[in-house]
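Secondary and tertiary structure notes
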Amino acid sequence: MLCDAYCAAAPGVYAAGDVARWDNPLFGTSMRIEHRTNAAEQGMAAARNLLAAPDARRPFAPVPYFWSDQYDMKIQAYGHLRGHDEVTVVEGDLAERRFVAAYRTGERLTGALAVGMPPKAVRSWRQAIAGGTAWSDAVPAAGTEAA
Ligand SMILES: Cc1cc2nc3c(=O)[nH]c(=O)nc-3n(C[C@H](O)[C@H](O)[C@H](O)COP(=O)(O)OP(=O)(O)OC[C@H]3O[C@@H](n4cnc5c(N)ncnc54)[C@H](O)[C@@H]3O)c2cc1C
């Protein structure tokens, strides 16, 4: 279901979760996210906007997030990990299967993928993505290119 930045598909019709493609103003693009955290956050945002006066509605502008435990390996992803121009390992080491990879789209940091890292090691990357941090500030000395 195609939605605007307020999760509205039509006047008085709102959508959330797997079914909703909406314009995320934080990234300046439309996206559809198939993860539980987004379904819960977007459901609350859509409900708030449905109940709000028209001029009190707020755009839904999250940093998308998911995590998955694959046996003993924790995978955490923040941001928009599609349509990027560069992926660079910024912490850890691919060979050790313990790293953070940063995603660049244009001149901006737009995503971070962490493998084998504790959650608190990734939070600062989430904040940097949420703040629209320039790539040159987030990754001043780029490391190994991963993809
Ligand atoms: C196998 C699998 C593994 C997953 N693992 C993860 C994971 O590890 N982490 C993660 O973040 N996400 C995971 N996901 C994705 C996650 O489950 C979804 O993103 C999330 O459930 C989406 O929530 P939702 O409310 O949008 O949709 P749903 O949870 O699909 O809920 C939609 C509901 O609408 C009902 N429905 C459908 N049609 C109608 C109708 N016509 N009338 C009335 N009711 C209807 C359905 O029965 C369903 O109960 C997984 C998904 C699958 C399939």
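Residues numbered from 1 in each chain as written. Predicted model: local features only at pLDDT ≥ 70, side-chain atom pairs only at ≥ 80, totals over all residues. Heavy atoms only, no water.

Inside soluble globular proteins, nonpolar side chains tend to come together where they are buried. By size, the foremost hydrophobic cluster in this structure holds 27 residues, and its most contacted members are W22, V100, A102, L109, W125, I129 and V139. At the level of elements, α1 (36-51), β8 (98-105), β9 (108-115), α2 (120-130) and α3 (135-138) are the ones that each hand at least two residues to this core. In terms of residue count, the dominant contributor to this core is α2 (four residues). Counting contributing residues, this core receives three or more from each of domain 1 (8-56) and domain 2 (65-138). (Core = buried A, V, L, I, M, F, W, Y, C linked by side-chain atoms within 4.5 Å. Buried < 20%, exposed > 50% of the residue type's maximum accessible area, 1.4 Å probe, protein only. Helix = DSSP H or I, 4+ residues; strand = E, 2+ residues; numbered from the N terminus. Domains from an automatic or database assignment.)

Glancing now at the pattern of salt bridges. Under the defined criterion, the tally for this structure stands at four salt bridges. Residues D85 and R104 are paired through a salt bridge, measuring 4.0 Å at the closest nitrogen-oxygen approach. Of the two residues, D85 is situated in the loop between β6 (73-79) and β7 (86-93) and R104 in strand β8; the sequence distance between them amounts to 19 residues. A relative accessible area of 18% places R104 in the buried class. Salt bridges sharing partners connect three or more residues here, namely D85, E86 and R104. (Salt bridge = Lys/Arg side-chain N within 4 Å of Asp/Glu carboxyl O.)

Here the chain is described as being made up of domain 1 (8-56) and domain 2 (65-138). One C-alpha centre belongs to domain 1, the other to domain 2, and the line joining them spans 24 Å. On the domain 2 side, the residues contacting the six residues of domain 1 number eight residues. In this structure, the connection of domain 1 to domain 2 is made through zero salt bridges. (Contact = heavy atoms within 4.5 Å.)

Below, the discussion takes up the environment of A20. Looking at the secondary structure, you find A20 in the loop between β2 (13-14) and β3 (22-24). Under the relative-accessibility criterion, A20 is labelled buried at 0%. For the pair A20 and L94, spaced 74 residues apart in the sequence, the C-alpha separation amounts to 34 Å. Excluding residues within four positions of it along the chain, A20 makes contact with M1, C3, A15, M31, R32 and Q42.

On to the site of the ligand, then. In the region of the ligand, the neighbouring residues are G17, D18, E34, H35, R36 and A39. R36 places a polar main-chain atom, nitrogen or oxygen, 2.8 Å from an oxygen atom of the ligand. About the coverage of the ligand: the protein hides 26% of its 1000 Å² of free accessible area. Class assignment for the residues of the shell around the ligand results in one nonpolar, two polar and three charged. (Near = heavy atom within 4 Å. Polar contact = N/O pair within 3.5 Å; in protein donor to acceptor, adjacent residues only side chain to side chain. Areas by Shrake-Rupley, 256 points an atom, 1.4 Å probe, with all protein chains shown as cover. Nonpolar A, V, L, I, M, F, W, Y, C, P; charged D, E, K, R; others polar.)

The next thing to look at is the packing of aromatic side chains. For the coordinates displayed, the defined rule picks out two aromatic pairs. When the centroid spacing of 5.1 Å and the interplanar angle of 40° are considered together, the rings of W22 and F60 count as tilted. On the criterion of sequence distance, the pair formed by W22 in strand β3 and F60 in the loop between α1 and β5 (65-70) is long-range, its members being 38 residues apart. Given a relative accessible area of 0%, W22 falls into the buried group. Positioned over the ring face of Y6 is R57, at 4.1 Å from the centre of the ring. The residue whose ring lies beneath R108 is F27, and the NZ or CZ to ring-centre distance is 5.5 Å. (Phe/Tyr/Trp six-rings, centres within 6.5 Å; stacked < 30°, edge-to-face > 60°. Lys NZ or Arg CZ within 6 Å of the ring centre and 35° of its normal.)

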